[in-house]
Structure formats: structure tokens, C-alpha cells
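Observations on the model geometry
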Amino acid sequence: MAEPAFEEVRVAPDHKVLLDGNELPIEEMVDVLEVTVSDYVTGASWFCVNMNNWHSDRQDFKYSDGPRFKEGAKLEVTLGYDGRIVSLIKGEVTTLEPEFNQDEAPTLKVQGYDSLHRFRRGRKTKSYVQLKDSDIASQIASSLGLSAQVEDTQVTHEYLLQDNQTDIDFLLERARRIRYELVIENGTMQFRKAANDKGEVVSLEYGLTLRSFYPRLSTASQVSEVLVQGWDPKTKKAITGRARTGSSRRQTRRQHRAG
């Protein structure tokens, strides 16, 4: 395997952590040991800021016994290179996890989620008649106290059922079906076409701009066939979709429901 190229100029990564809208002061930033942000397509994004929790001069804990990182505090993580910093997540602190190890200084993990997690509470069963997905998105945004930026989905559905789901989970499911995406940011819900037809965002080269990566292939819990069933209220017939391993075409058939 050829040795990666190293001749290009490297720039140092930079990050900032903002608490309740203000950057952490330098004496607290030096206590930041690690910052992790996980961005999920189907759920709330997550952050973890791992802090040194030991004051060597006072021989006391710095943060775990104080109100500095209280639950519910607004926290933002930014990341970038050479002054080009972008916001990765704006969320709120939900978990404080101190760690005590006899061989290392105590640490405190400050963890939390973006605002999406607050809207995944309270399951309900509700029907929608003669509405487009964009109409439903606007209704749900209003019921959650959010403003809405919604792209028209064109197709009007005779009947849709929200079956024991939270509003957000139901809307995420609808978005996946029609290749839309759902984003909640700064009190606004965006329901729009998925932006997966754009060009590449960034190109990384191992040994130069990519320091490490960990690919993983798993065959655990794989199935040979998937069966999806529904009901057509207009024709009063069952709808069955079947896909097998290696099949690139969906097979659908209708059948009368017994009884």
C-alpha cells in the first residue's frame, strides 16, 4: 500500500463550546478533553462534552457539584479549520455523567440532545383525511408551537393513520416515504425535499485530511425477506409488498381479507 501524501499544508482543527449563548471562558475551555457530536437522520442529534472535573489547587471537584452545567442549559458546539467554524449542534443539557477513576483525574461528561427530543413525547392515534403530507406537517408544527417552512408535497391522501406514535415520529415516517427531510431549528420546523442530490460536501484523504476511520461490516440480524402489509380503504382489499435479498424491484399484490 502506497504511503499517503503529506506534502500539502495542514491546518489545525478548532472548536468552540457555547453555554447559554456565551463561549466558555479560556479557563474552562482548557478543561475540555473531548467533544463528540452524533447527527442522526431519524432521531434527535446528540452531543457529549467531556470535561476535566478536578481542581488540583483546591483538591476539589470543579463542575459536578456546581450549577455551571445544569440540566436544561442551552449548549452549542462549533467545529472547523483555520477560522472557518460552523455550528454542528444546538441543544440542551439532559445528562451529567461524572467519572471517577483511581488512576486518572475525575471527569464530567456533559451530554444532551437537540430540540427534537422534546417533541418525541406523548403517543397518539389520529386519522388524517383528504390532506397532503405538507398540510399535516403544518398542522403538527402549529400544535407543537413551532413556525413552519413547508414545501408542497402535491399529492392529497384520502386517508392516513397515525397509529400510537408521537407527532414527530409519524412525520419522520411520512418524510422517509416521500424522500423529504424534517429539521427543527430555532423554533422553526422545516419539511422539505431531501437535499441528497447535491454534489460532494467534502473530500478527505487518508493520512492528509483524514487521520483515522473505522469501517464496520455486520451481517447480524440480517433477513432474507421483508413483508409489508397495508389496507386500501377504497377497494376494501389488503395490500402486500414483498422484497427479498438481492431484489431490486418491489413486488406488490392485492388480496381479499378473510372475514
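It should be noted that the structure appears before, not after, this text.
This is a predicted model, so every value here is computed, not measured.

**Regarding the sheet that holds strand 11 (residues 147-150)**
- As summarised here, the arrangement of the three strands in space is 11-14-13, forming an open sheet in which the pairing is mixed. Edge positions in the sheet fall to strand 11 and strand 13 (180-185), since each of these pairs with one other strand and no more. The sheet shows a mean angle of 15° between the axes of neighbouring strands, direction not considered.
- The sheet contact formed by strand 11 and strand 14 (residues 188-193) spans four bridges and is parallel. Within strand 14, the position partnered with serine 147 by the bridge is threonine 188.
- Here helix 3 (residues 167-177) sits on the sheet in contact with strand 13 and strand 14, set at roughly 145° to strand 13.

**What about the pairing of strand 8 (residues 84-101)?**
- Pairing of strand 7 (residues 74-81) with strand 8 involves eight bridges; the strand directions are antiparallel. Among the inter-strand pairings, leucine 79 is bridged to a residue of strand 8, identified as valine 86.
- Hairpin remark: strand 8 followed by strand 9 (residues 104-114), antiparallel, with two residues in the connecting loop.

**Let's talk about the nonpolar core**
- Within the largest apolar cluster, 21 residues are counted, with the highest numbers of intra-cluster contacts made by Ile136, Ile168, Leu171 and Met189.
- When contributions to this core are tallied by element, the ones reaching two or more residues are strand 10 (124-132), helix 2 (133-143), helix 3, strand 13 and strand 14.
- The element best represented in this core is helix 3, accounting for five residues.
- Here leucine 171 is in contact with Ile136, Ala137, Ile140, Leu182, Met189 and Phe191, once residues within four sequence places are set aside.
- Counting residues in each nonpolar core, the second largest holds 17 residues, with Val17, Phe47, Tyr63 and Ile89 among its members.

Rules of the game
- Residues numbered from 1 in each chain as written.
- Predicted model: local features only at pLDDT ≥ 70, side-chain atom pairs only at ≥ 80, totals over all residues.
- Heavy atoms only, no water.
- Pairing = 2+ DSSP bridges.
- Helix = DSSP H or I, 4+ residues; strand = E, 2+ residues; numbered from the N terminus.
- Axes fitted to C-alpha atoms, helices over the stretch in contact; angles between N-to-C directions.
- Contact = heavy atoms within 4.5 Å.
- Core = buried A, V, L, I, M, F, W, Y, C linked by side-chain atoms within 4.5 Å.
- Buried < 20%, exposed > 50% of the residue type's maximum accessible area, 1.4 Å probe, protein only.

Scope: geometric values only; no functional claims are made or implied.
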